[in-house]
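Examining the three-dimensional arrangement
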Amino acid sequence: MNDYYELLGVPVNADKDTIRTAYRNRLEDAEQNERAELNKAWNVLSDPIQRGRYDAELNEIDVDEPSDDDIEVLDAPARRNGAGARQPAAARPRPEPTIEMPAGLTLAETRKRNRGFYFDLLALVLIGLVVYYAATALQRAMYPTQTKKIDSLSKQITDANNAKKKADSKKSTAQDQLKAAQRSGDTEAQKNAQAAETKATNDSKAAQKKSDDLTKQHDDLQSSLPPFVIYATVVIFLLGMAYTVPMSARGGQTLGKKRAQVRLVHVDGSPAGWAASVIHYGVPIGVTCLLLGFIGPLALVAGLALVLIRDRNRQGLHDRMAKTIIVDA
């Protein structure tokens with residue numbers, strides 16, 4: 001096989017910029033029959049994957065030589081196949097982990113890990129929904145009069161807000177009509193438009209005041225009841241931890257991880273244990289529950305971000321805090 005390093009006149013450890021410069025210099029003075037070989041040398045040595053295979057061949061490791069289909073001339077239009085479709089580009093190599101993997105362990109692939117995660121997420125969401133509706137039913141059973149009044153006030157608040165929106169829309173229409181009447185000089189139309197605007201403004205203010213008064217009554221009545229939402233949130237957190245932590249502490253696997261054939265371990269390869277499992281699962285579950293009372297269902301997005309935004313070691317923030325990794329089981 002040809003020695004591409006020798007052909008371009010560069011050392012075997014040359015970087016891509018050096019190889020590019022040498023390639024262009026040789027290409028300027030090359031004969032037509034030499035250009036194909038120079039192009040092949042450039043494309044092999046400039047591509048990390050092909051260069052790795054080529055270096056392995058130079059070291060007498062049995063690796064298939066890259067085919068002509070893998071070759072692409074520098075600065076030339078991309079080759080096409082079939083009916084003008086571009087050939088797929090070679091996949092970028094995954095960045096190497098920055099941690100030293102324990103002997104005999106392999107980081108779980110993202111798709112495989114996510115399969116287990118989404119199974120557990122579904123279980124946790126179902127737990128949350130059951131607890132929430134159970135708490136709502138319990139509140140209605142214990143305080144039927146108050147809850148009916150709260151429901152009635154909620155409906156009246158909605159009606160008042162809709163009335164305000166309708167009044168604001170009429171006010172905007174009246175203002176447009178007034179401007180048109182002023183441009184045309186129609187005095188009678190101006191009076192009618194001004195009257196309509198005044199009425200819509202008064203209706204909007206009245207609806208806003210009614211909404212504010214009803215909201216205050218609603219909030220006062222709601223605050224007179226025990227904080228069932230807080231109780232439910234605490235129960236959701238405890239049940240979520242009960243579902244994830246014990247199984248993980250004992251064997252590194254929740255039900256989802258068992259299905260996906262992955263497990264949780266310390267970065268040194270030792271079993272995760274109780275402390276790391278509590279941190280690993282407690283951080284995203286705790287953040288979600290903590291934000292639930294402030295931003296509602298959007299709290300789930302914050303919890304998901306802690307888990308799904310990962311670094312080159314495939315660790316989320318909760319992994320880094322717990323010093324854990326997910327490996328193949």
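These notes cover the structure that comes with them.

Brief notes about the packing of aromatic side chains
- Taken as a whole, this structure holds seven aromatic pairs when the rule is applied.
- On the numbers, 6.3 Å between centres and 75° between planes, the contact of Tyr 143 with Phe 228 is edge-to-face. Of this pair, Tyr 143 sits in the loop between α5 (110-142) and α6 (144-184) while Phe 228 sits in helix α8 (residues 228-251), and the two are 85 residues apart along the sequence.
- Owing to a relative accessible area of 23%, Tyr 143 belongs among the partly exposed residues under this scheme.
- In this structure Phe 228 comes out as buried when scored by relative accessible area, which is 10%.
- Through pairs of rings, three or more aromatic residues link up here, namely Tyr 4, Tyr 5 and Tyr 54.

Quick notes on the pattern of salt bridges
- Enumeration according to the criterion identifies 11 salt bridges in this entry.
- Taking the shortest distance from any N to any O, the salt bridge between Asp 159 and Lys 155 comes out at 3.3 Å. In this pair, Asp 159 and Lys 155 are both assigned in helix α6, four residues apart and thus about one turn of the helix distant.
- Judged by its relative accessible area of 56%, Lys 155 falls in the exposed class.

Concerning the layout of surface pockets
- Taken as a whole, the largest pocket holds about 910 Å³ of empty space.
- Lining the largest pocket are 33 residues, with Leu 124, Val 125, Ile 236, Thr 288 and Leu 300 positioned closest to its centre.
- Sorting the residues of the lining of the largest pocket by element identifies α5, α8, α10 (273-295) and α11 (299-308) as the ones contributing at least two each.
- Per element, the largest residue contribution to the lining of the largest pocket is 10 residues, and it comes from α5.
- Its residues assigned to classes, the lining of the largest pocket shows 19 nonpolar, 11 polar and three charged.

Focus: helix α4 (residues 48-58)
- Of the positions making up α4, those classed as buried are Gln 50, Arg 51, Tyr 54, Ala 56 and Glu 57.
- Contact partners of the buried residues in α4: α1 (4-8), α2 (16-29) and α3 (32-46).
- Capping the start of α4 is the job of one residue whose side-chain oxygen sits 2.8 Å from the backbone nitrogen of Ile 49: Asp 47.

A short note on the environment of Asp 15
- Along the chain, Asp 15 falls in the loop between α1 and α2.
- Residue Asp 15 is classed as partly exposed on the basis of its relative accessible area of 45%.
- Between the alpha carbons of Asp 15 and Ser 46 there is a distance of 8.7 Å; along the sequence they are 31 residues apart.

A short note on unusual backbone geometry
- Even without a glycine there, the phi angle at Gln 261 is positive, about 60°.
- Looking at the secondary structure, you find Gln 261 in the loop between α9 (255-260) and β3 (262-266).
- For Gln 261, a relative accessible area of 52% gives the class exposed.
- Backbone geometry at Arg 314 places phi at a positive 60°, although glycine is not the residue there.
- Inspection of the secondary structure puts Arg 314 in the loop between α11 and α12 (317-322).
- By relative accessible area, which is 12% here, Arg 314 ends up buried.

Concerning α3
- In a regular helix each residue adds 1.5 Å, so 15 residues correspond to 21 Å; α3 covers 22 Å between its end C-alpha atoms and thus fits that length.
- Looking at the buried positions of α3, the neighbouring elements they touch are α1, α2 and α4.

What counts, and at which threshold
Residues numbered from 1 in each chain as written. Predicted model: local features only at pLDDT ≥ 70, side-chain atom pairs only at ≥ 80, totals over all residues. Heavy atoms only, no water. Phe/Tyr/Trp six-rings, centres within 6.5 Å; stacked < 30°, edge-to-face > 60°. Helix = DSSP H or I, 4+ residues; strand = E, 2+ residues; numbered from the N terminus. Buried < 20%, exposed > 50% of the residue type's maximum accessible area, 1.4 Å probe, protein only. Salt bridge = Lys/Arg side-chain N within 4 Å of Asp/Glu carboxyl O. 1 Å grid on protein atoms, 1.4 Å probe; cavity = no way out; pocket = protein on both sides within 12 Å on 5 of 7 lines; lining within 4 Å. Points joined across faces, edges and corners; volume = space filled by probe spheres on them. Nonpolar A, V, L, I, M, F, W, Y, C, P; charged D, E, K, R; others polar. Contact = heavy atoms within 4.5 Å. Polar contact = N/O pair within 3.5 Å; in protein donor to acceptor, adjacent residues only side chain to side chain. Expected span 1.5 Å × (residues − 1).

The analysis is restricted to geometry; functional conclusions fall outside its scope.
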